[in-house]
Amino acid sequence: MTAPGQLDCVDVVDLVTDYLERALDDATVREFEAHLAICDGCDAYLDQMRGTIDRLGHVPLASLSADAVQTLVLAFRDVGR
Amino acid sequence: MSKDTRPDQLVVFLPTQATPSAGERELLARLRAGDEAAFVDLVRRWSRTMLRVARGHVSTDDSAQEVVQETWLAVIKGLDGFEGRSSLRTWVFRVLVNTAKTRGVTESRMTPMSSLATGDDDGAIVDPDRFRGPADRYPGHWTSAGAPQRWDGDPPRGALRVEVRALLEAALAGLPQRQRNVVVLRDIEGCGSDEVCQILGLTRENQRVLLHRGRAKLRGALETYYRGGS
């Protein structure tokens, strides 16, 4: 996909999700990782992307109101299983 | 026609049809047997993410609550007819997305155009000025000022600081709808990529592009915050 040493930082930024999703071919993965090993900026970028995903996992979500849950339980009961 | 979906819920492209796991089949049996505790547990577990997805399609929190409630009512009615051609979660979320979209359409006259935009902008995900230009010795590489820095001062694990939480909430709300749905399902609900493709009717490539753009914008918002000094 890419010739050795041809991956620039701008490419790494574009490929970061494909890398995390394991959607890259083996040769590109090697290129990608070789680039990270010598590029602090891109290594930090990947780290930031992982940090973003991790923080999203801690975003609290509003829940369904108690009234709504109660209504649903009654409806569930009403179906008369 | 499958009884699992109404005609408008048929998804054209389904990468893999995950069928209910052994645990899900057991859960399904309990639900069909009228096990209220199992039902309440399921409602509690999934409704938070469902609310968030619904909220992306409708104009108020109340409206999102109604969409989720309506979805669960449809699920209750459809339980016996559910044929298990997808996982239970996929089915429930597909009903949700369709219910939310329908509600969103009827509300659309009152909703600002910006939040209805389905176009997923395709601009650069990182400011091009942060990379060296073609005349540079190292074109396409970070400039010294543009290179990303690691984020310090906030434990990556555990409770988020109030400001970080608010910032992520705002950034999520600002994402185009399809990007937001993918990010919410993948990174907040923790669905796998194939499941998200099934729920939203996306190809794998499409899903990845939406995830990439959505995450990149949230990363950008966080970076601005951490750079600005916290």
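Before going into details, it helps to say that this report is about the structure given with it. All of these numbers come straight from a predicted model, not from anything done at the bench. (Residues numbered from 1 in each chain as written. Chains lettered and ligands numbered in written order. Predicted model: local features only at pLDDT ≥ 70, side-chain atom pairs only at ≥ 80, totals over all residues.)

Before going further, it helps to examine the overall build of chain A. Within chain A, the secondary structure is distributed over four helices and zero strands. Counting helices and strands in the order they occur from the N terminus, chain A gives α-α-α-α. Taken over the C-alpha trace, chain A has a radius of gyration of 23 Å; the compact-globule value for 81 residues is 12 Å, which it surpasses by more than 25%. Projected onto its principal axes, the C-alpha positions of chain A cover 65 × 25 × 15 Å. Looking at chain A residue by residue over its 81 residues, the buried ones come to 27%. (Helix = DSSP H or I, 4+ residues; strand = E, 2+ residues; numbered from the N terminus. Rg over C-alpha atoms; globule rule 2.2 N^0.38 Å. Buried ≥ 20, exposed ≤ 12 C-beta atoms within 10 Å, placed from the backbone.)

A word on the overall build of chain B. Counting secondary structure elements, chain B contains nine helices and zero strands. Going from N to C terminus, chain B has its helices and strands arranged as α-α-α-α-α-α-α-α-α. In chain B, which comprises 230 residues, the proportion classed as buried is 37%.

By size, the foremost hydrophobic cluster in this structure holds 46 residues, and its most contacted members are Val53, Ala54, Val68, Val92 and Leu96 of chain B. When contributions to this core are tallied by element, the ones reaching two or more residues are helix H4 (66-78) of chain A together with helix H2 (36-55), helix H3 (61-78), helix H4 (88-107), helix H6 (162-173), helix H7 (177-188), helix H8 (193-200) and helix H9 (204-227) of chain B. The leading source of residues in this core is H4 of chain B, at eight residues. Discounting chain neighbours no more than four positions away, the residues touching Val53 of chain B are Leu96, Val97, Ala100, Asn181, Val184 and Leu185 of chain B. Counting 12 residues, the second-largest nonpolar core is a separate cluster that includes Cys9, Val16 and Tyr45 of chain A together with Phe131 of chain B. (Core = buried A, V, L, I, M, F, W, Y, C linked by C-beta atoms within 7 Å. Contact = placed C-beta atoms within 7 Å.)

The next thing to look at is the interface of chain A and chain B. Many analyses report the size of an interface as the accessible area lost when the parts associate. Opposite the 40 residues of chain A that make contact, chain B presents 48 residues. It is helix H3 (residues 40-56) of chain A that provides the largest number of residues to the side of chain A that touches chain B, a total of 13 residues. Among the residues making up the side of chain A that touches chain B, the classes are represented as 20 nonpolar, 10 polar and 10 charged. (Nonpolar A, V, L, I, M, F, W, Y, C, P; charged D, E, K, R; others polar.)

This part takes up the environment of Ala64 of chain B. With respect to the helices and strands, Ala64 of chain B occurs in helix H3. What Ala64 of chain B contacts, discounting residues up to four positions off in sequence, is Leu51, Ala54, Arg55 and Val58 of chain B.

Residue position: Gly123 of chain B is located in the loop between helix H5 (113-116) and H6. Taking the C-beta count within 10 Å as the criterion, Gly123 of chain B has 7 such neighbours and is therefore assigned exposed.

All names here are of chain B. At a minimum axis distance of 10 Å, the contact between H2 and H4 shows a crossing angle of 30°. Considering the angle they form, H2 stands roughly parallel to H4. Considering the relative orientation of H2 and H4, their crossing is right-handed. Of H4, the residues touching H2 (which contributes Trp46, Met50, Val53 and Ala54) are Arg89, Val92, Leu96, Val97 and Ala100. (Axes fitted to C-alpha atoms, helices over the stretch in contact; angles between N-to-C directions. Parallel < 35°, antiparallel > 145°, perpendicular 65-115°, else oblique. Left-handed = near helix turned anticlockwise from the far one by under 90°.)

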